[in-house]
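Each chain, written out:
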Amino acid sequence: MKHLLTSESLTREETIALLDTASRMRELSGAKKLPTLRGFTVVNLFFEDSTRTRISFEAAAKRLSADVINFSAKGSSVSKGESLKDTALTLQAMGADAVVIRHPASGSAERLANAGWISGSVINAGDGTHQHPTQALLDAFTIRNHFGEVGGDLQGLSIAIVGDILHSRVARSNVFLLSTLGAKVHVVAPATLLPIGVEKWPCSVHFSLEEILGEVDAIMMLRIQSERMTDSYFPSELEYSKRYGLDQERFAMMQDHAIIMHPGPMNRGLEISAAVADNARSVIVEQVSNGVLIRMAVLFHILAGESL
Amino acid sequence: MSQNVGSRLVLDASEIARALTRISHEIDERTKGANDVLVLGIPTRGAYLAQRIASNLSKIQGNEINVGTLDITLFRDDLKRQPIRALLPTYIPAGSLEDSLVILVDDVFFSGRTIRAALDALNEFGRPRAVQLAVLIDRGHRELPIRADYVGKNLPTSMDEKVTVQLSEIDGEDAVYVGGGQ
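Residues numbered from 1 in each chain as written. Chains lettered and ligands numbered in written order. Predicted model: local features only at pLDDT ≥ 70, side-chain atom pairs only at ≥ 80, totals over all residues. Heavy atoms only, no water.

(A) Spatial organisation of the overall build of chain A. On a plain count of helices and strands, chain A comes out with 11 helices and 9 strands. Relative to its length of 308 residues, chain A is compact, with a C-alpha radius of gyration of 19 Å against a globular reference of 19 Å. Expressed along its principal axes, the backbone C-alpha trace of chain A runs to roughly 55 × 45 × 35 Å. Sequence separation of 24 or more characterises 77% of the internal contacts of chain A that already satisfy a separation of 6 or more. In the form shown here, chain A has an accessible surface area of approximately 12,000 Å², with 51% of it arising from carbon and sulfur atoms. Across chain A, 29 positive and 34 negative side-chain charges occur, with their mean positions spaced 6 Å apart. (Helix = DSSP H or I, 4+ residues; strand = E, 2+ residues; numbered from the N terminus. Rg over C-alpha atoms; globule rule 2.2 N^0.38 Å. Contact = heavy atoms within 4.5 Å. Areas by Shrake-Rupley, 256 points an atom, 1.4 Å probe, with all protein chains shown as cover. Lys, Arg positive; Asp, Glu negative; His and termini not counted. Charge placed at Lys NZ, Arg CZ, Asp CG, Glu CD.)

Here it is, written out as structure tokens:
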């Protein structure tokens, strides 16, 4: 595996191998540090704000003893108008073995990987509204930890992804990855927040949350992304919350074993009520710690070997 | 079995059992019945050997023996030379490592690089009071100044020979074969 750009590019075997590596990484959590990637340089190239993803890539690289260079667009020459190409050439000159990129433009990770600007590996940490494969991997990992086992897939599980599917790279990556692993995926959203072509995705589409609440094993609530909302997609936040928010009443309609997920950051009281977010069946904090394990697995598979 | 074509049997099931029994008694003798022993096997087959040695030891000493596994893949110095290997299980019983007497267990002792990696790994997990090494087969050709404390069988080999340890837990039989040489 040279790059990780989209979740569609991962085969079932590669995906399971990555999840298994993450499980083993957790068994090694008693070790102070792992020397595996000593001498490798990982650059975190963030053109967009991020807390969880950047910190977790940094933590993952450092736990594996790689050298980490953090680059954020703010405070760099990008604010003076430097292009992605010139930034990439600078990174190449510094000898980056892997570049973790987060960029507001869809397709930027692909461009960085294939334009011939750099020789290192590229890991997509979110490009516009396109893909966020490590988030999908950590979500699948979290679900498998609850319902599956090492070496296994997600066959027979029913998973709902609810909310702003249109702007969500998390949803896009998850739909494909979860269905690669054999799960039955439902997306739930108002028609205005569904992308064109969603009927070709490997999932079923619902306009009402109540239709599927009783059958899902895991429900993923997406953030309403006000920074990408250039139009009015729903009449008011209150109305969205009433129809698509996960509150106590809807939570009570779910199966007793079902888990609640959210990629963060949450808008408490909008897509998810505070009481549900803090419920014992909410695995939102677990998702964050699993994020470090998954990113360690991805860095290991990309940097340490020839092929998967 | 096809993989054993042209190879000869050097230890059969009863010889393996006797070697492990002897190693267990030697451990008991050398450690003077110490109750802080942690038997740590290196997967895959070292982990099964560790289980067997620990169960022998606990029969000899009449108490429970801490036993675990330590995967050293992430501590290897040759990761870039080969395709990605699947990581294997690691399990160290809580609180069993610090100030303990660790007995590392592996099936075949060859260059010594695996053991070096295991020593590095132990260092990351804590500080045992001492570390000893038990191996079923010592085939020579050391590349590092490391030796074993307990050896099942010394087996002089040439570099191009292949030593195959089979254990009933995963291979369906207990046997050690050597083959592939001139």
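(B) How the structure looks around the interface of chain B and chain A. Taken together, the contact pairs 16 residues of chain B with 20 residues of chain A. Buried area between chain B and chain A, summed over both chains or domains, comes out near 1,700 Å², and the portion from carbon and sulfur atoms is 65%. Between chain B and chain A we count 0 salt bridges in total. Linking chain B to chain A there are 6 residue pairs in polar contact (both at pLDDT 80 or more). A class-by-class count of the residues in the side of chain B that touches chain A yields 9 nonpolar, 3 polar and 4 charged. (Buried area = accessible area lost by both parts, 1.4 Å probe. Salt bridge = Lys/Arg side-chain N within 4 Å of Asp/Glu carboxyl O. Polar contact = N/O pair within 3.5 Å; in protein donor to acceptor, adjacent residues only side chain to side chain. Nonpolar A, V, L, I, M, F, W, Y, C, P; charged D, E, K, R; others polar.)

(C) Region of the structure containing the packing of aromatic side chains. Residues and elements named next belong to chain A. Applying the stated criterion across every chain yields a total of 4 aromatic pairs over all chains. A centroid spacing of 5.9 Å and a plane angle of 55° characterise the contact between Phe47 and Phe71, whose relative ring orientation is tilted. Remark: Phe71 occurs in strand S2 (residues 67-72) and Phe47 occurs in the loop between strand S1 (41-46) and helix H2 (52-63); sequence separation between them is 24 residues. With respect to burial, Phe47 and Phe71 carry one shared label: buried. These aromatic residues form a ring-pair network of at least three members: Phe234, Tyr240 and Tyr244. (Phe/Tyr/Trp six-rings, centres within 6.5 Å; stacked < 30°, edge-to-face > 60°. Buried < 20%, exposed > 50% of the residue type's maximum accessible area, 1.4 Å probe, protein only.)

(D) Up close: helix H3 (residues 84-94) of chain A. Residues and elements named next belong to chain A. Taken together, the buried positions of H3 are occupied by Leu84, Thr87, Ala88 and Leu91. Projected down its long axis, H3 shows its buried positions confined to an angular sector of 100°, all on one face. The elements touched by buried residues of H3 are S1, S2, strand S3 (98-103) and helix H4 (108-114). (Arc of directions from axis to C-beta.)

(E) Fine view of the nonpolar core. Among the nonpolar cores identified, the biggest contains 119 residues, and A:Ile143, A:Ile219 and B:Leu70 are the most heavily contacted of them. Considering every element that reaches this core, the biggest residue donor is helix H11 (residues 284-303) of chain A, with 11 residues. Leaving out residues up to four positions away in the same chain, A:Ile219 has contacts with A:Ala160, A:Val162, A:Leu209, A:Leu213, A:Leu246, A:Met254, A:Ile259, A:Ile260 and A:Met261. B:Val37, B:Leu57, B:Ile137 and B:Val163 belong to the second-largest nonpolar core, a separate cluster that totals 31 residues. (Core = buried A, V, L, I, M, F, W, Y, C linked by side-chain atoms within 4.5 Å.)

(F) Just the sheet that holds strand S5 (residues 158-162) of chain A, in detail. Residues and elements named next belong to chain A. The strand order across the open sheet built from 5 strands is S7-S6-S5-S8-S9, with neighbouring strands paired in parallel fashion. At either margin of the open sheet sits one strand with a lone partner, and together these are strand S7 (204-206) and strand S9 (259-261). Strand after strand, the sheet turns through a mean of 20° between neighbouring axes, direction not considered. As judged from the 3 bridges shared by strand S6 (residues 184-188) and S7, these two strands associate in the parallel manner. When the bridges of S7 are listed, Val187 appears paired with Val205. (Pairing = 2+ DSSP bridges. Axes fitted to C-alpha atoms, helices over the stretch in contact; angles between N-to-C directions.)

(G) Representation of the pattern of salt bridges in the model. Residue and element names in this part refer to chain B. The final tally for this structure, using the stated rule, is 24 salt bridges over all chains. Across the pair Asp174 and Arg52 runs a salt bridge whose closest N-O atoms are separated by 2.8 Å. One end of the pair, Asp174, is in the loop between helix H4 (168-171) and strand S8 (175-179); the other, Arg52, is in helix H2 (residues 45-61), and 122 residues separate them in sequence. Each member of the pair, Asp174 as well as Arg52, carries the same accessibility label: buried.

(H) Fine view of the packing of helix H1 (residues 13-30) of chain B against H2(B). Residues and elements named next belong to chain B. Closest axis-to-axis distance for the H1/H2 pair is 9 Å, and the angle between their directions is 55°. As far as their axial angle goes, H2 and H1 are oblique. In the crossing of H1 with H2, the sense of the turn from one axis to the other is right-handed. Contacts between H1 and H2 involve Ile16, Leu20, Thr21, Ile23, Ser24, His25, Ile27 and Asp28 from the former and Leu49, Arg52, Ile53, Asn56, Leu57, Ile60 and Gln61 from the latter. Here the residues of the contact of H1 with H2 are counted per class, giving 8 nonpolar, 5 polar and 2 charged. (Parallel < 35°, antiparallel > 145°, perpendicular 65-115°, else oblique. Left-handed = near helix turned anticlockwise from the far one by under 90°.)

(I) Representation of the confidence of the model for chain B. Per-residue pLDDT for chain B averages 93, and the proportion of residues at 70 or more is 96%. Across the predicted assembly, pTM comes out at 0.93 and ipTM at 0.89. (pLDDT = per-residue confidence, 0-100.)

(J) Inspection of unusual backbone geometry at higher detail. In this structure, the amide linkage connecting A:Gly264 to the following residue, A:Pro265, adopts the cis form with an omega of -10°. With respect to the helices and strands, the residue A:Pro265 is situated in the loop between S9 and helix H10 (274-277). Following B:Pro43, the chain continues to B:Thr44 via a peptide bond in cis, the omega torsion being 5°.

(K) Just the sheet that holds strand S1 (residues 7-11) of chain B, in detail. Residue and element names in this part refer to chain B. In spatial order, the strands read S1-S8-S7; together these 3 strands make up an open sheet with antiparallel pairing. Only two strands of the sheet have a single partner each, and these edge strands are S1 and strand S7 (162-166). Taken over all neighbouring pairs, the strand axes of this sheet differ in orientation by 30° on average, direction set aside. As judged from the 4 bridges shared by S1 and S8, these two strands associate in the antiparallel manner. Across the sheet, Arg8 pairs through a bridge with Val178, a residue of S8. Most of the contacts of H1 go to S1, to which it runs at about 40°, and overall it touches S1 and S8.

(L) Molecular detail of helix H6 (residues 169-180) of chain A. Residues and elements named next belong to chain A. Look at H6: 17 Å from first C-alpha to last across 12 residues, which is about the 16 Å you get at 1.5 Å a residue. Along H6, the positions that sit buried rather than exposed are Arg169, Val170, Ala171, Arg172, Ser173, Asn174, Val175, Phe176, Leu177 and Leu178. Put simply, Ser168 is the residue that caps the front of H6, since its side-chain oxygen is 3.3 Å from the backbone nitrogen of Val170. Once H6 finishes, Gly182 follows within two positions and takes phi at roughly 90°, a positive value. (Expected span 1.5 Å × (residues − 1).)

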